[in-house]
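A structural walkthrough
Listed below, chain by chain, are the residues.
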Amino acid sequence: MTDTTPRYNTRIIKNYVEYLNHFHPHVDIASLLQYANIETYQLDDEGHWLVQEQVDRFHKILSEKIDNPDIAREVGRYSVNSRASGAVRQYLLGFLSPTTAYSVIEKMHPNVTRAAVLKTKPLGNNKIEMKVSLLPGVIEKPYQCLNRIGMFEAV
């Protein structure tokens, strides 16, 4: 049974597009989006959400075009520099310490995904625990976890 619940904000794919434009300008973005059934205008709509099948198809075709098993993590790391992160990026960059920024991520996480809940717990001045729990019925792929890890590393 296919999950038709929109769970992933288009900012995630927009981060991929910016990353590709910067590091792999030879990749035809339009063909990736077409294969994934994502319209270009949807990437500019911060209120637009995608279903699991769309993000899976995007990653599948991207993996065929770019021979890099770590691309999801690299895009995650790039996301802090990406314009696609918009207000989220500006908000995080305004904090003085990474510990404070990580604690704010918990509140901002629902702006990017409706598939999981993120909880943070300070463990000291320079240490924080982050726990991501998928919501019931959600089955994410390893590339999605790697992308999320990359985003956390970027902070």
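Please read these numbers as outputs of a predicted model, since none were measured by experiment.

**What about the packing of helix α1 (residues 10-23) against helix α2 (residues 29-36)?**
- Interhelical geometry of α1 versus α2 gives an angle of 155° and a closest axis separation of 11 Å. In terms of their interaxial angle, α1 and α2 are classed as roughly antiparallel. Between α1 and α2 lies a crossing whose hand is right-handed. Only Ile29, Leu32 and Leu33 of α2 make contact with α1, whose side of the interface consists of Ile13, Val17, Leu20 and Asn21.
- Taken together, the residues of the contact of α1 with α2 break down into six nonpolar, one polar and no charged.

**Considerations on the packing of aromatic side chains**
- A complete count under the given rule lists four aromatic pairs for this structure.
- Residues tyrosine 19 and phenylalanine 23 carry aromatic rings whose centres are separated by 4.8 Å and whose planes lie at 40° to one another, so their mutual orientation is tilted. One end of the pair is tyrosine 19 and the other is phenylalanine 23, both in helix α1 and four residues apart, which spans about a single turn.
- The exposure class assigned to tyrosine 19 is buried, which follows from its relative accessible area of 5%.

**Details of the nonpolar core**
- The biggest cluster of nonpolar side chains holds 28 residues, and the ones touching the most others in it are Ile13, Tyr16, Leu20, Leu32, Phe58 and Leu62.
- For this core, the secondary-structure elements that each account for two or more residues are α1, α2, α4 (52-65) and α5 (71-78).
- Here the element with the most residues in this core is α1; it accounts for six residues.
- By size, the runner-up hydrophobic cluster in this structure holds five residues, among which are Tyr102, Ile105, Ile128 and Phe152.

**Describing unusual backbone geometry**
- The backbone of asparagine 37 sits at a positive phi, close to 60°, despite the residue not being glycine.
- If you trace the backbone, asparagine 37 turns up in the loop between α2 and α3 (40-43).
- We classify asparagine 37 as exposed; its relative accessible area is 54%.

**Some remarks on the pairing of strand β4 (residues 127-134)**
- Here eight bridges tie strand β3 (residues 116-124) to β4, and the two strands are oriented antiparallel to one another. If you follow threonine 120 over to β4, its bridge partner there is methionine 130.
- Taken together, β3 and the strand that follows it, β4, pair antiparallel across an intervening segment of two residues.

Parameters at a glance
- Residues numbered from 1 in each chain as written.
- Predicted model: local features only at pLDDT ≥ 70, side-chain atom pairs only at ≥ 80, totals over all residues.
- Heavy atoms only, no water.
- Axes fitted to C-alpha atoms, helices over the stretch in contact; angles between N-to-C directions.
- Helix = DSSP H or I, 4+ residues; strand = E, 2+ residues; numbered from the N terminus.
- Parallel < 35°, antiparallel > 145°, perpendicular 65-115°, else oblique.
- Left-handed = near helix turned anticlockwise from the far one by under 90°.
- Contact = heavy atoms within 4.5 Å.
- Nonpolar A, V, L, I, M, F, W, Y, C, P; charged D, E, K, R; others polar.
- Phe/Tyr/Trp six-rings, centres within 6.5 Å; stacked < 30°, edge-to-face > 60°.
- Buried < 20%, exposed > 50% of the residue type's maximum accessible area, 1.4 Å probe, protein only.
- Core = buried A, V, L, I, M, F, W, Y, C linked by side-chain atoms within 4.5 Å.
- Pairing = 2+ DSSP bridges.

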